[in-house]
Amino acid sequence: MKDRTRRVGRRLATLLVIGALVLAPAAFDRAPAPQAAEARHHLVLRGRAHGLFPGGTRPMRVVIGNRTDREVRLVRLGRRVVQAPPGCPTKVLRVRHPRALPVLPAGGRARIRLRVRLLRSAPDACQGAVFVVRFRARGVAA
């Protein structure tokens with residue numbers, strides 16, 4: 001009976017991970033100092049993952065938008081779970097680093113996939129929970 005309850009709980013559990021809209025600080029190494037300050041906050045990242053359950057891994061599709069007028073090569077992507085519901089610690093959700101970082105066209109966007117995992121030890125309070133993941137990105141002029 002316990003196994004059946006666990007299976008039903010896993011099937012019913014839906015986790016929505018929201019990649020918080022974060023205006024990522026973008027440092028453009030080739031830009032003069034005054035322009036570098038203006039270039040900050042021109043990368044926008046958003047992502048979602050659905051259908052996680054304790055011990056399960058799902059893809060998180062992340063869209064990275066480039067609001068600048070030049071091509072940008074992403075050189076760093078930080079991600080951190082910053083918010084979880086009461087009774088569910090943020091440490092039970094793991095977001096893996098992507099295999100490769102993209103080059104973003106001027107004024108365009110790119111998509112990457114991250115793997116998101118809810119640890120098997122996640123408490124029941126994490127069932128159907130919404131987590132907020134904060135991204136920080138660093139880009140250089142390509």
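Treat the numbers as computed from the prediction; the structure is a model and nothing was measured.

Enquirer: Break down the overall build of the protein chain for me, citing the residues and quoting the values.
Expert: Secondary structure summary: the protein chain contains 2 helices and 8 strands in total. When burial is assessed residue by residue, the protein chain has 42% of its 142 residues classed as buried. Here the analysis covers contacts within the protein chain between residues at least 6 apart in sequence; of these, 76% occur between residues at least 24 apart. For the protein chain, the exposed area adds up to about 8,500 Å²; of that, 48% sits on carbon and sulfur atoms.

Enquirer: Mind laying out the side chain of asparagine 66, listing which residues take part and the relevant values?
Expert: As for its placement among the helices and strands, asparagine 66 is situated in strand β3 (residues 57-66). Looking at asparagine 66, its side chain comes within polar contact range of the side chain of threonine 68, at 2.6 Å. Among the polar contacts listed, one links the side chain of asparagine 66 to the backbone oxygen of arginine 70, at a separation of 3.0 Å. Apart from the residues lying within four places of it in its own chain, the contact partners of asparagine 66 are His42, Leu43, Glu71, Val72, Leu104, Pro105, Ala106, Gly107 and Gly108.

Enquirer: Outline the environment of glycine 139, listing residues and values.
Expert: By the element assignment, glycine 139 lies in strand β8 (residues 130-141). Note on glycine 139: relative accessible area 0%, which makes it buried. Glycine 139 sits 96 residues away from leucine 43 along the chain, and the two C-alpha atoms are 8.4 Å apart.

Enquirer: Requested: an account of the pairing of strand β4 (residues 72-83), with residues and values cited.
Expert: Bridge analysis of β4 against strand β6 (residues 103-104) gives 2 bridges, and the strand direction is antiparallel. Opposite arginine 73, over in β6, you have valine 103 as the bridge partner. With 10 bridges connecting them, β4 and β8 associate as antiparallel partners. Directly across from arginine 76, in β8, lies its bridge partner arginine 138.

Enquirer: With reference to specific residues and values, describe the nonpolar core.
Expert: Ranked by internal contacts, the top residues of the largest apolar core, which has 28 residues, are Met60, Val62, Val92, Leu93, Leu114, Phe131 and Phe135. By residue number, the principal contributor to this core is strand β7 (residues 109-118), which donates 5 residues.

Enquirer: Help me get a handle on the confidence of the model for the protein chain, residues and values and all.
Expert: In the predicted model, the protein chain carries a mean pLDDT of 77, and the fraction of residues at 70 or more is 71%. Note that residues 4-39 has pLDDT below 50 and, in this model, 97 contacts with residues that lie over four places away or in other chains.

Enquirer: Can you tell me about a positive patch on the surface, naming the residues and giving the values?
Expert: Positive charge collects at one region of the surface, where Arg58, Arg61, Arg96, Arg99, Arg113 and Arg115 lie side by side. As for its position among the elements, arginine 96 is in the loop between β5 (93-95) and β6.

Enquirer: I'd like a rundown of the environment of asparagine 66, residues and numbers included.
Expert: Residue classification places asparagine 66 among the buried positions, given a relative accessible area of 3%. Separated by 24 residues in the primary sequence, asparagine 66 and histidine 42 have C-alpha atoms spaced 6.1 Å apart.

Enquirer: How would you sum up the side chain of threonine 68? Please name residues and give values.
Expert: Its place among the elements puts threonine 68 in the loop between β3 and β4. Among the residues examined, threonine 68 registers a relative accessible area of 11% and is labelled buried.

Enquirer: Give a detailed account of the environment of arginine 61, specifying residues and quantitative values.
Expert: You can see arginine 61 is positioned in strand β3. Distance from arginine 61 to arginine 48, taken between C-alpha atoms, is 6.0 Å for residues 13 residues apart in sequence. If sequence neighbours within four positions are ignored, arginine 61 has contacts with Arg46, Gly47, Arg48, Ile112 and Arg113.

Conventions adopted
- Residues numbered from 1 in each chain as written.
- Predicted model: local features only at pLDDT ≥ 70, side-chain atom pairs only at ≥ 80, totals over all residues.
- Heavy atoms only, no water.
- Helix = DSSP H or I, 4+ residues; strand = E, 2+ residues; numbered from the N terminus.
- Buried < 20%, exposed > 50% of the residue type's maximum accessible area, 1.4 Å probe, protein only.
- Contact = heavy atoms within 4.5 Å.
- Areas by Shrake-Rupley, 256 points an atom, 1.4 Å probe, with all protein chains shown as cover.
- Polar contact = N/O pair within 3.5 Å; in protein donor to acceptor, adjacent residues only side chain to side chain.
- Pairing = 2+ DSSP bridges.
- Core = buried A, V, L, I, M, F, W, Y, C linked by side-chain atoms within 4.5 Å.
- pLDDT = per-residue confidence, 0-100.
- Patch = residues over 30% accessible without salt bridge, like charges linked within 9 Å, V, L, I, M, F, W, Y side chains within 5 Å.
- Salt bridge = Lys/Arg side-chain N within 4 Å of Asp/Glu carboxyl O.
- Lys, Arg positive; Asp, Glu negative; His and termini not counted.
- Charge placed at Lys NZ, Arg CZ, Asp CG, Glu CD.

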